[in-house]
Amino acid sequence: MTVLVLDQAWIRAVPALVVGAAALKTAFPDGPTMPRRLPTTIGEGEAVLRMARERHAEPDPATRPATEPYDPGQVRMAVALFGSAVLDRVDDGIMNDWSPPATVFPDGPGE
């Protein structure tokens, strides 16, 4: 405390705090903000998703034969509606690139 008084650093610190507080008040006039959260799923959204899955049931990987290839135009819609299980059917390399296998570390030197 004595150093601050003798050095007169408080003369520089007080204006810096005032300017900083004013800048924060200008940047965030409503005060501190909370991060935005995704809205919860509601019944109407579930109904729309269910209708879309029924309308586009052809690319569903659960009912589609594994030997039938996907049309490139269908892949995006199929992944949006049915998830990443579609990518297993398109190409095995896609899923391997997405989540590579864990690296195996040797037990000791020379192994």
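Note on numbering: residues in each chain are counted from 1, in written sequence order. Whole-chain, interface and lining totals are the exception, using all residues; otherwise, since this is a predicted model, local features are given only for residues with pLDDT of at least 70 and side-chain atom pairs are given and counted only at 80 or more. Note that water and hydrogens are dropped before the side-chain values are worked out from all heavy atoms of the structure.

J.: I tried to follow the nonpolar core on my own but got confused; where do I start?
T.: As a rule of thumb, nonpolar side chains are buried together in soluble globular proteins. Of all hydrophobic cores here, the largest spans six residues; its members are Tyr 70, Val 75, Ala 78, Leu 81, Phe 82 and Val 86. Under the scheme used here, helices are H or I runs from DSSP no shorter than 4 residues and strands are E runs no shorter than 2 residues, and both carry numbers assigned from the N terminus. With four residues, helix α4 (residues 72-82) is the largest single contributor of residues to this core. Excluding anything up to four places from it in sequence, Leu 81 contacts Leu 49, Ala 52, Arg 53 and His 56. The set of buried Ala, Val, Leu, Ile, Met, Phe, Trp, Tyr and Cys residues whose side-chain atoms join them within 4.5 Å is what this entry labels a nonpolar core. Think of it in three bands: with a 1.4 Å probe and only protein chains considered, a residue is buried below 20% of the maximum accessible area for its type, exposed above 50%, and partly exposed in between. Residues count as neighbours in contact if any of their non-hydrogen atoms are within 4.5 Å of one another.

J.: Sorry if this is basic, but what is going on with the side chain of Gln 74 here?
T.: In this fold, Gln 74 is placed in helix α4. Exposure remark for Gln 74: the relative accessible area of 18% places this residue in the buried category. At a separation of 3.1 Å, a polar atom in the side chain of Gln 74 contacts the side chain of Glu 58. Dropping the residues within four chain positions of it, Gln 74 is found in contact with Glu 58 and Arg 64. What qualifies as a polar contact is a pair of N or O atoms within 3.5 Å, subject to a donor-acceptor requirement within protein and to the restriction that residues adjacent in sequence count only when both atoms come from side chains.

J.: Would you mind showing me how to read α4 here?
T.: At 3.6 residues per turn, the α-helix brings residues three or four places apart onto the same side. Among the residues making up α4, those that are buried are Gln 74, Val 75, Ala 78, Leu 81 and Phe 82. Burial along α4 is one-sided: seen end-on, the buried residues are contained in an arc of 145 degrees. Residues Pro 72, Arg 76 and Ala 80 are exposed on α4 and point more than 90 degrees away from its buried face. Where α4 is buried, its residues contact α3 (43-55) and α5 (85-90). Immediately downstream of α4, the backbone of Gly 83 shows phi near 90 degrees, a positive value. Summarising the geometry, the arc corresponds to the directions from the helix axis toward the C-beta atoms.

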